[in-house]
Amino acid sequence: MHCDSRTGSGSTERIWSIFDSATKLAAAWLVEAGKAIAVTGAGVSTESGIPDFRSATGLWARFDPQEYATIGAFRKNPEKVWTMLVALEEVLRAEPNAGHRALAALEAEGGIAGIVTQNVDGLHQQAGSSVVVEFHGSHRTFTCLSCGACYAREQVASMTVPPRCTAGSPRARCAAVLKPDVVFFDELIPAPALRDTDRLLAGADLVLVIGTSCEVYPAAAIPQTVRACGGRIVEMNLEPAADLSSDLFLPGPFTRTMPHLLAAWRRQRGR
Ligand SMILES: [Zn+2]
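No experiment lies behind these values; they were computed from the predicted model shown.

Chemist: Quick one: what's the story with helix α6 (residues 98-108), residue by residue and with numbers?
Modeler: Among the eleven residues of α6, eight are classified as buried, and the element is accordingly described as predominantly covered. Those residues of α6 that fall on the buried side of the exposure criterion are G99, H100, R101, A102, L103, A104, L106 and E107. Where α6 is buried, its residues contact β1 (36-40), β2 (115-117), α7 (123-127) and α11 (254-269). One or two positions beyond α6, positive phi appears at G110, with a value near 90°.

Chemist: Please give an account of unusual backbone geometry that cites residues and values.
Modeler: Outside of glycine, negative phi angles account for most residues, and trans bonds account for most peptide bonds. With an omega dihedral of -5°, the bond running from V161 to P162 counts as a cis peptide bond. Turning to its location among the elements, P162 is positioned in the loop between α8 (153-157) and β6 (168-169). Backbone geometry places A175, a non-glycine residue, at a positive phi of 60°. For A175, the location among the structural elements is in the loop between β7 (172-173) and β8 (178-182). Non-glycine residue C214 carries a positive phi angle of around 50°. Among the secondary structure elements, C214 is positioned in the loop between β9 (206-210) and α10 (221-228).

How each quantity is defined
- Residues numbered from 1 in each chain as written.
- Predicted model: local features only at pLDDT ≥ 70, side-chain atom pairs only at ≥ 80, totals over all residues.
- Buried ≥ 20, exposed ≤ 12 C-beta atoms within 10 Å, placed from the backbone.
- Helix = DSSP H or I, 4+ residues; strand = E, 2+ residues; numbered from the N terminus.
- Contact = placed C-beta atoms within 7 Å.

In structure tokens form, the structure reads like this:
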């Protein structure tokens, strides 16, 4: 019994030591990098209480995206789509976690140039990140598909659901149902997001892939572009993504791996 328990404890220490060594190596690569960027996905927000939309408890298990999250569905029946959007708003009511804050600190202190995120929750910005490209749009702004008028979330918050466009005169009000600027399934990635991604990618020689398997194009092309230019891919996920073949894998939840990496980077940069 005594022997078994010692073996168990030693094994835990070995795993921790491997994790610690991998984090130190990732930190060393970050220090060496000419320009590092991060790509994030649903996994960074799950610990803020936002389930992955595609998981068994996610939004798409309750609302069929073809019926509730396409531009065609919105044009046909915006009131129906707004039943999903109300649920989306509730899901996105969350606070940034320790990982978001550590990543924001890494950017503020010069460790990364910015983030491309597939999330629409705005938690990176709430945590203090300043260069954040929102690949799939944002739920903080709204657009009228009829006349093109734009609205901030504060303006829409006091409207009854579904919110309607107030542009025009009292006698000729637009009154079309507003759509949040989240990218629906059949919509293209917004051109400004693609342009900003290209700008961030230019010269990047290290990418932190966090909380995403980067399976969906065009986000999936980001790590591969960095690699094609001779750069490195550091993956931080619960499980290694099948198609990513990263140079280094840091296993564990974002709230643990990211603060740990920030601490290791600060120590190495100080040398
Ligand atoms: Zn309008």
